[in-house]
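Here is what each chain is made of, one letter per residue.
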Amino acid sequence: MKKHLFGLVFSLCSFLLTAQSLTYYLPEIDYDPDIPSPEEVLGFPVGAQHLTHDQLYFYLRRLAEASDRLVLTEYARTYENRPLVYLTITAPSNHARLESIRQQHLALSDPEQSGSVDLAEQPVVLYQGYSVHGNEASGGNAATLVAYYLAAGKSEAVEKILRETVILLDPCLNPDGFHRFATWVNMHKNEHLTADPQDREYDEPWPGGRTNHYWFDLNRDWLLAQHPESRGRLELFHRWMPNVLTDHHEMGTNSTFFFMPGIPSRTHPLTPPENQGLTAEMARYHARALDGIGSLYYTQESFDDFYYGKGSTYPDVNGAVGILFEQASARGHVQESRNGQLTFPFAIRNQVRTSLSTQRGALELREKLLAYQRDFYRDNLAEARRRGVQAYVFGTDGDEVRSGHLIDILLRHRIEVYRLAKDVKAAGQDFTAGSAYVVPGAQRQSRLVQALFDTLTVFQDSLFYDVSSWTLPLAFNLPYAALGQKDFQPRLLGEAVRDVPQNPLPEGIPAADYAYLLPWSRYDAPAMLSRILDGGLKARVAERPFTLEGQRYERGTVVIPVQQEGYTPPEVAGKMQALHRAQPGLLEVAGTGYTPQGIDLGSPSFSNLRAPKVALLVGEGVSAYEAGEVWHLLDQRYGMTVTKLDVNSLGRADLSRYHTLVMVSGSYYSLGKGEAAKLKRWVQRGGTLIAFKRAARWLTQKGMGYLAVKKERTEKTEEGPKPYLQLGSDRGARIIGGAIVEARADLSHPLLYGYTRERIPLFRRGTLFFEPTENAYAMPLQYTGSPLLSGYVHPDQVARMKKAAAVVVTGTGSGKIICFADNPNFRAFWHGTNKLFANAVFFGHTIDNRARETAPKRKQVED
């Protein structure tokens, strides 16, 4: 009996660790009994277990049905078909005239209308977002309580907030990751809770719940807009243009609580000082809220406001105030920390209290925030007209699809784009009317235009929380130039671009007499080739250019003969017609194989292609971000079937099923001698292995291929001792967190098919560099002598980068190992180097074995 009683008491104590009453989280006021609390709907109190996304969504639907203060709206669907929703929360009287309020509010960001807006009568608009990282779950769980407080609270303070604000409450910015993480911690929760950090509950498996379905960090996608979650969110943001946007996160278990401002020296130079002033004013409300419950916190350390692609910084370049909250994470239900036991309810409470302090701060600073937004856009326009740079012009590089993807990003950010009306020469480049575009500087989004088009190499600080550059035309490898006041004239602005340009396309494609041709210049050509090869058709790729029927075809052009084994010409024509309908505008027809210039279509200077059966190694020790980028590119953009092969399964996997293996950067610590030997045998038998960064080094260390890695320079102590406090900044300054660099390409190489210009911008992250090859034909891409185009790179690292190899082709036996020093698929927006990776997949096996680095590695020496 005593034993049973003790067990009941212990279970009750464990329950109390994670089960708290509403008054633990919310102010002690009266609440409308007709409005259901989370516990009344879900059957357990918030914090007792982790809400799954379906539970969160179910409760908010019930809440919206019961309250006239809020409306639930779906704004997008995730890759896993989960709804992304937000609550519009305001007084019923405001709901009755909500569209009028919205239109008046939007007028504040239009310099031609903003002077007529009466700030005294205008509600402030607040966007509160939670759990963009799915395993930072206290935010999403807190959102239910914040919504309940506003829906059911009966106090003058709540009524005033409702009257004078419009709150857009986005309860879960990443439903797929949130649901994945909740499932893990709930299925491993003990009835008798353990705070032992070594428990399986606190050790979620690869890839974790942080990311979305394709393992992308959605808190880096606000600027890049590559995923449905972000695209829906941007539409909502610009539909309302909020004055304040909050982004609720979690950080390490041994931390406390952080809120903005961040490190002052790491604020982007385009962010006005007034923005940081308002952020500091808001901070006082958060401090008061956390003081009231005795929670530890800090500010102006650790985080920054530089990269505009995060939820807390994107508002800063859009006339709003972005605020980051970072709560120490229990990563489960209760975990030991250096500050004592950290419970999930405690984390939720801090998120709730700072949500409410944000509402109070926005309310009391209402007119200041509204005036700031008005002045931001008014001053933007005035400053833009005085700038030396008046516009930016960019061409298509013969690829309307790639330039169309860039235009798509610009339009999502409400940036004005025009067709170039007259030819112009700038920065030594010719831009032709009708095939180039102009982005004027004098527009309401002028600061954002600068942020997307300018390059920076001089900075106040040498440390960055994220990337230090993201210049879009460089990311897309498009020719572009800034137009100064002497070069720019309004007559250069042609038709305004309202949608992504679409060329008029023929309804069908005639049956070819001899062959079908697939030029390789367009961004979407790999998707077409994948369909052709998957359809069982034979194809060949040209190693040399040729002219046929009056048109020049470059290296990389793919030829599909009409005469195919197993198919009649009419059957081939039917297949090609179907492919054309699925992807119009790519295929062309040839009536003869005889060419007046260059190689004939039956020339030995064509290589036979094979359907690239691809396996991507994933799992522990592999970069989930880079693996996700490959998966997304092949699956979403190229329409290819890809096998995600877990490293722990490699030993028993049948590798003969695949022609191509992809190893993104990682430690691959779980692979032993047996797995390494198996990979080597597969390559020797003719496989193509594509390796990024640390994976390439790992392969070399395991005896596969020949790749020399540059050694890091050691710091010299000739200047004498340095202050201890300087250690972190000195070491951090040598890290390359994200910059844009330049390489020179051999355009005749199969890995460069489809490229037209010798200099290619690459995204560089990390300090791993490859030595130049001894075989002069094994290095098709090499950093230039002055490689830095934009971003921060320590001078010592620039020196190591000069003339280093950016791509090395090595191998063993009859196979190839293609080594990338950089990630060609970074964050799904680096369109300019996606084709390097596609060429490795489709054409890697065609590379002549004599063009591999096969000599023994030279002894590595210090630079």
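As the structure is a computational prediction, the values presented were derived from the model and not from experiment.

**Q** Is there a simple way to explain the nonpolar core in this structure?
**A** What tends to happen in soluble globular proteins is that the nonpolar side chains get buried as a cluster. In terms of nonpolar packing, the biggest core is built from 137 residues, with Phe394 and Leu410 touching the most fellow members. Considering every element that reaches this core, the biggest residue donor is helix α7 (residues 138-152), with 10 residues. Excluding anything up to four places from it in sequence, Leu410 contacts Phe394, Ile415, Val417, Val439, Leu452, Phe453 and Leu472. Membership of the second largest hydrophobic core comes to 113 residues, among which are Ala512, Tyr516, Ala743 and Val807.

**Q** Help me understand the sheet that holds strand β4 (residues 124-130), please; the structure alone is not making it clear to me.
**A** Within a sheet, each strand pairs with its neighbour through backbone hydrogen bonds, oriented either parallel or antiparallel. As summarised here, the arrangement of the seven strands in space is β2-β3-β6-β4-β7-β9-β8, forming an open sheet in which the pairing is mixed. Two strands close off the open sheet at either side, each with one partner strand: β2 (70-77) and β8 (257-259). Strand-to-strand, the axes of this sheet are offset by a mean angle of 20°, without reference to chain direction. Bridge analysis of β8 against strand β9 (residues 321-328) gives three bridges, and the strand direction is antiparallel. Its bridge partner lying in β9, Phe258 is registered against Glu326. Of the strands in this sheet, β2, β3 (83-89), β4, β6 (165-170), β7 (244-251) and β9 touch α7, which is tilted by about 145° from β4.

**Q** Whenever I open this one, the pairing of β2 confuses me. Can you help?
**A** Residues in a regular strand point their side chains to alternate faces of the sheet. Bridging between β2 and β3 involves seven bridges; their strand directions are antiparallel. Bridging from a neighbouring strand, Leu70 pairs with Ile89 of β3. Hairpin connection of β2 to β3: five residues between the antiparallel strands, including Asn81 at a positive phi of 65°.

**Q** Is there a simple way to think about the confidence of the model for the protein chain in this case?
**A** When pLDDT is low, close inspection of the predicted coordinates is not appropriate. Of all residues in the protein chain, 95% have pLDDT values of 70 or greater, and the mean over the chain is 94. With pLDDT under 50 throughout, residues 1-15 is counted as low confidence; its partners more than four residues away or in other chains account for nine contacts.

**Q** Can you walk me through helix α18 (residues 569-582) in this structure?
**A** In an α-helix, one turn spans 3.6 residues, which is why side chains three or four residues apart end up on the same side. For α18, built from 14 residues, the straight-helix expectation of 20 Å at 1.5 Å per residue is met to within 8% by its first-to-last C-alpha distance of 20 Å. Burial in α18 covers these residues: Val572, Ala573, Met576, Leu579 and His580. In a view along the axis of α18, the buried residues occupy a sector of 125°, so they form one face of it. Turned more than 90 degrees from where α18 packs its buried face, Pro570 and Arg581 sit exposed. Packing partners of the buried residues in α18 comprise β19 (515-518), α17 (525-534) and β23 (558-561).

**Q** Before we go on, may I ask you to explain the side chain of Glu742 in this structure?
**A** With respect to the secondary-structure elements, Glu742 resides in strand β31 (residues 739-745). For Glu742, a relative accessible area of 15% corresponds to the buried category. In terms of polar contacts, Glu742 uses its side chain to reach the side chain of Arg759, at 2.9 Å.

**Q** What am I meant to see in the pattern of salt bridges here?
**A** Between side chains of opposite charge, a pair can form as their charged atoms come close. What the rule picks out here adds up to 38 salt bridges. Residue Arg210 is joined to Glu136 by a salt bridge in which the shortest nitrogen-to-oxygen separation is 3.4 Å. In this pair, Arg210 is assigned in the loop between α9 (175-187) and α10 (228-240) and Glu136 in the loop between β4 and α7, connecting sequence segments 74 residues apart. What makes Arg210 partly exposed here is its relative accessible area of 23%. A salt bridge links Arg759 to Glu742; its shortest N-O distance comes to 2.9 Å. Placement of the pair is Arg759 in strand β32 (residues 759-764) and Glu742 in strand β31, with a sequence separation of 17 residues. Taking relative accessible area as the criterion, Arg759 reaches 37% and is therefore assigned partly exposed. Several salt bridges share partner residues, and in doing so they unite Glu136, Arg210, Asp217 and Arg220 into one network.

**Q** How should the side chain of Gln583 be read in this particular structure?
**A** With respect to the helices, strands and loops of the structure, Gln583 is situated in the loop between α18 and β24 (588-590). Residues in contact with Gln583, not counting those within four places in the same chain, are Asp524, Ala527, Met528 and Arg531.

Definitions and cut-offs
- Residues numbered from 1 in each chain as written.
- Predicted model: local features only at pLDDT ≥ 70, side-chain atom pairs only at ≥ 80, totals over all residues.
- Heavy atoms only, no water.
- Core = buried A, V, L, I, M, F, W, Y, C linked by side-chain atoms within 4.5 Å.
- Buried < 20%, exposed > 50% of the residue type's maximum accessible area, 1.4 Å probe, protein only.
- Helix = DSSP H or I, 4+ residues; strand = E, 2+ residues; numbered from the N terminus.
- Contact = heavy atoms within 4.5 Å.
- Pairing = 2+ DSSP bridges.
- Axes fitted to C-alpha atoms, helices over the stretch in contact; angles between N-to-C directions.
- pLDDT = per-residue confidence, 0-100.
- Expected span 1.5 Å × (residues − 1).
- Arc of directions from axis to C-beta.
- Polar contact = N/O pair within 3.5 Å; in protein donor to acceptor, adjacent residues only side chain to side chain.
- Salt bridge = Lys/Arg side-chain N within 4 Å of Asp/Glu carboxyl O.

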